Amino acid sequence: MSGTEVAHAGGTRVAQPPSPPGPHRPGHRDLRTLKVMWQREMIRFLGNRLQIGMGLLTPLMFLLILGTGLNEVGAGGGSYQGFLFPGVLMMALQAPAIAVGAAIVWDRQTGFLRQMLVAPVRRGTLLLGICLGGATTGAAYAAMVLATAGIVGIPYRAGMLLVLLELALISFAFTAMGVLAAVCITRPQTFQIAVSLAMMPMLFLSGAMFPASGLPGWLGTAVLLNPLTYGVDAVRRTLPGDGVVDYGGRAAGPELWGWAPPVALEVGLIAVLALLAVAVAGRRFTRAA
């Protein structure tokens, strides 16, 4: 007996319409959602070459102009360009993180965010797909800046791949914080101002521009409490070559009572920060429309 016929008591067979296909499994649907949200960020990234150029302009200007100028006057008694390079990589990660958050704010204004939230998918999956897309975009920016390492005397070795993985994790953390700000702030103008005011102090108080250890008073405390300090230090210590871990007669990275945290602990701290930002943003994401 075929699946589309039913036998009655009188022996007759009555054709029945075929059963509708079963729903996709939740895991399959989540993977499709992740892919779609990731692809959306990639299309936005690859479709705007001017934005790519502008995103690379500021970090390269810092490296080639500020770095060269201070290198010539002997800032710190060493290669200031090599010391500055991890901070330049962090600057390259900031632009896509802010762009992803701004896109969420504009999606709310246009009503597209509401359409996403009523889709039959998990809200956390939508958010994770957006963050992964932003992290990939940030890693692409960082990879382009990392390709200029030879200019400041950093050798091209296999260790660059580990640096790129660290940068991808830091980019994910940046993006998660940008998304968290976007689901909390409703007006695009307010978002841009708030994020800019938060991102720039984080960068300047991260040991990217000057050694993180031995700073006086509140400045040293702010640098040690800044989680980006440990991301900058992890990248600086992982870069191939001699690196700049002792600059101007003192340790370039953070020290807690004379103890320098290992790179693995610093990377773990960034991972915890990223997960916390995603978790908090996920709780507020359903109310973002």
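The shown structure was predicted, so the numbers you read here are calculated from the model rather than taken from an experiment.

## Re the overall build of the chain
Then step 1. A tally of regular secondary structure across the chain gives 10 helices and 4 strands.
Then step 2. Secondary structure of the chain in N-to-C order comes out as β-β-α-α-α-α-α-α-α-α-α-β-β-α.
Then step 3. Considering only contacts in the chain between residues 6 or more positions apart, those separated by 24 or more positions represent 78%.
Then step 4. A total accessible area of about 14,700 Å² is found for the chain, and carbon and sulfur atoms account for 67% of it.

## Notes on the packing of aromatic side chains
Centre distance and the angle of the planes are the two values used to describe a pair of aromatic rings.
Then step 1. Under the criterion given, the structure shown has 1 aromatic pair.
Then step 2. With 5.5 Å between their ring centres and 50 degrees between their planes, F45 and Y141 make a pair best called tilted. Here F45, found in helix α1 (residues 26-46), pairs with Y141, found in helix α5 (residues 123-146); they are 96 residues apart in sequence, far enough to count as distant.

## Observations regarding a nonpolar patch on the surface
Then step 1. Together, L50, M54, L57, M61, L64, I65 and I151 make up an exposed nonpolar region whose accessible area comes to about 710 Å².
Then step 2. Among the secondary structure elements, L57 is positioned in helix α2 (residues 49-72).

## Notes on the nonpolar core
Then step 1. If you look at the biggest cluster of nonpolar residues, it comprises 68 residues, and the most contacted ones within it are F85, M90, V179 and F191.
Then step 2. If you tally residues by element for this core, the top one is helix α3 (residues 80-110), at 16 residues.
Then step 3. Among residues more than four places away in sequence, those in contact with F85 are L63, V145, L146, T148, A149, V152, I154 and L239.

## Notes on the confidence of the model for the chain
Predicted coordinates in regions of low pLDDT should not be interpreted in detail.
Then step 1. In this model, the chain carries an average pLDDT of 79, and 83% of its residues clear a pLDDT of 70 or more.
Then step 2. Per-residue pLDDT, averaged within each element of the chain, yields its smallest value for strand β1 (residues 5-7) (47) and its largest for helix α9 (residues 227-238) (92).
Then step 3. pLDDT under 50 marks residues 1-9. Its contacts with residues more than four places away, or in other chains, come to 16 contacts.
Then step 4. The model gives residues 14-24 a pLDDT under 50, and that stretch makes 13 contacts with residues more than four places away or in other chains.

## Description of the packing of α5 against helix α10 (residues 263-285)
Then step 1. Put simply, α5 and α10 touch, their axes get as near as 9 Å, and they point 130 degrees apart. By the angle between their directions, the pair α5 and α10 is classed as oblique. Pair α5 / α10 crosses with right-handed handedness. For the pair α5 and α10, the contacting residues are R123, L126, L127, I130 and C131 in the first and V278, A281, G282 and F285 in the second.

## Side note on the environment of L84
Then step 1. Here L84 shows up in helix α3.
Then step 2. C-alpha separation for the pair L84 and L66, spaced 18 residues apart in sequence, amounts to 9.3 Å.
Then step 3. The residues touching L84, leaving out its near neighbours within four places in the chain, are F62, L63, G67, A208 and M209.

## Here's the deal with the side chain of T33
Then step 1. Mapped onto the fold, T33 is located in helix α1.
Then step 2. Relative accessible area serves as the criterion here: at 10%, T33 is assigned to the buried category.
Then step 3. Contact partners of T33, with chain neighbours within four places excluded, come to V121, T125 and L126.

## Thoughts on the pattern of salt bridges
Then step 1. Under the counting rule described, the total for this entry stands at 4 salt bridges.
Then step 2. The network of salt bridges with common partners includes D233, R237 and E266.

## Structural notes on the environment of L269
Then step 1. One can find L269 in helix α10.
Then step 2. A sequence separation of 41 residues divides L269 from L228, and the C-alpha atoms of the two residues are 9.5 Å apart.

## Here we look at the packing of helix α6 (residues 159-184) against α10
Then step 1. Direction vectors running N to C along α6 and α10 enclose 25 degrees, while the axes themselves pass 8 Å from each other. Relative to α10, α6 is oriented roughly parallel. Our pair here, α6 against α10, has a crossing hand that is left-handed. Side by side, α6 and α10 meet where E166, L169, I170, F172, A173, A176, M177, V179, L180, V183 and C184 of the first sit next to V263, V267, I270, A271, L273, A274, A277, V278, V280, A281, R284 and F285 of the second.
Then step 2. Partitioning the contact of α6 with α10 into residue classes produces 21 nonpolar, no polar and 2 charged.

Parameters and conventions
Residues numbered from 1 in each chain as written. Predicted model: local features only at pLDDT ≥ 70, side-chain atom pairs only at ≥ 80, totals over all residues. Heavy atoms only, no water. Helix = DSSP H or I, 4+ residues; strand = E, 2+ residues; numbered from the N terminus. Contact = heavy atoms within 4.5 Å. Areas by Shrake-Rupley, 256 points an atom, 1.4 Å probe, with all protein chains shown as cover. Phe/Tyr/Trp six-rings, centres within 6.5 Å; stacked < 30°, edge-to-face > 60°. Patch = residues over 30% accessible without salt bridge, like charges linked within 9 Å, V, L, I, M, F, W, Y side chains within 5 Å. Salt bridge = Lys/Arg side-chain N within 4 Å of Asp/Glu carboxyl O. Core = buried A, V, L, I, M, F, W, Y, C linked by side-chain atoms within 4.5 Å. Buried < 20%, exposed > 50% of the residue type's maximum accessible area, 1.4 Å probe, protein only. pLDDT = per-residue confidence, 0-100. Axes fitted to C-alpha atoms, helices over the stretch in contact; angles between N-to-C directions. Parallel < 35°, antiparallel > 145°, perpendicular 65-115°, else oblique. Left-handed = near helix turned anticlockwise from the far one by under 90°. Nonpolar A, V, L, I, M, F, W, Y, C, P; charged D, E, K, R; others polar.

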